[in-house]
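Architecture and fold: a report
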Amino acid sequence: RYVEVKHGRIAMLAVVGYLTTAAGYRFDGLISYDGTKFSDLPGGFEGIKAMPQFGFTQIFIFIGVMEVAFMKEVKGGEFPGDFRNGFID
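Here goes a summary of the coordinates provided. (Residues numbered from 1 in each chain as written. Predicted model: local features only at pLDDT ≥ 70, side-chain atom pairs only at ≥ 80, totals over all residues. Heavy atoms only, no water.)

A short note on the overall build of the chain
- Helix and strand counts for the chain come out as 3 helices and 0 strands.
- Taken from N to C terminus, the helices and strands of the chain fall in the order α-α-α.
- Among the 89 residues that make up the chain, the fraction classed as buried is 13%.
- Contacts in the chain between residues at least 24 apart in sequence constitute 24% of all its contacts with a sequence separation of at least 6.
- Accessible surface, the chain: about 7,200 Å² in total, of which carbon and sulfur atoms supply 66%. (Helix = DSSP H or I, 4+ residues; strand = E, 2+ residues; numbered from the N terminus. Buried < 20%, exposed > 50% of the residue type's maximum accessible area, 1.4 Å probe, protein only. Contact = heavy atoms within 4.5 Å. Areas by Shrake-Rupley, 256 points an atom, 1.4 Å probe, with all protein chains shown as cover.)

Structure below.
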């Protein structure tokens, strides 16, 4: 049950991120050292294809660390998907 709650939250964040970039909001600065800016990347799936390989690797590693180290359900928590771990509260 808690996995469904966690994935639902991730899906909601993904929709918010998609709508934010579709509205034209982008981070300032560079996404890589070769001079590629965040604003140079297109939105949607084309943005994933245009992202530098190392950037995609960093995102994949970050998600893995969050899954293994921080996003753990508290046994006997108040509700399904209670991730109170002293870090993300």
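Structure shown, so let's carry the discussion forward.
A few points about the packing of aromatic side chains
- Under the defined criterion, the tally for this structure stands at 1 aromatic pair.
- Taken together, a centroid distance of 5.4 Å and an interplanar angle of 65 degrees make the contact between phenylalanine 27 and phenylalanine 38 edge-to-face. Within this pair, whereas phenylalanine 27 is found in the loop between helix H1 (2-22) and helix H2 (45-50), its partner phenylalanine 38 is found in the loop between H1 and H2, the two being separated by 11 residues in sequence.
- In this structure phenylalanine 27 comes out as exposed when scored by relative accessible area, which is 64%.
- Since its relative accessible area comes to 24%, phenylalanine 38 is described here as partly exposed. (Phe/Tyr/Trp six-rings, centres within 6.5 Å; stacked < 30°, edge-to-face > 60°.)

Some points on the side chain of threonine 36
- Of note, threonine 36 is situated in the loop between H1 and H2.
- At a separation of 2.8 Å, a polar atom in the side chain of threonine 36 contacts the side chain of aspartate 34.
- Setting aside anything within four residues of it in sequence, one finds threonine 36 in contact with Leu30, Ile31 and Leu41. (Polar contact = N/O pair within 3.5 Å; in protein donor to acceptor, adjacent residues only side chain to side chain.)

Distances and angles like these do not, on their own, reveal function.
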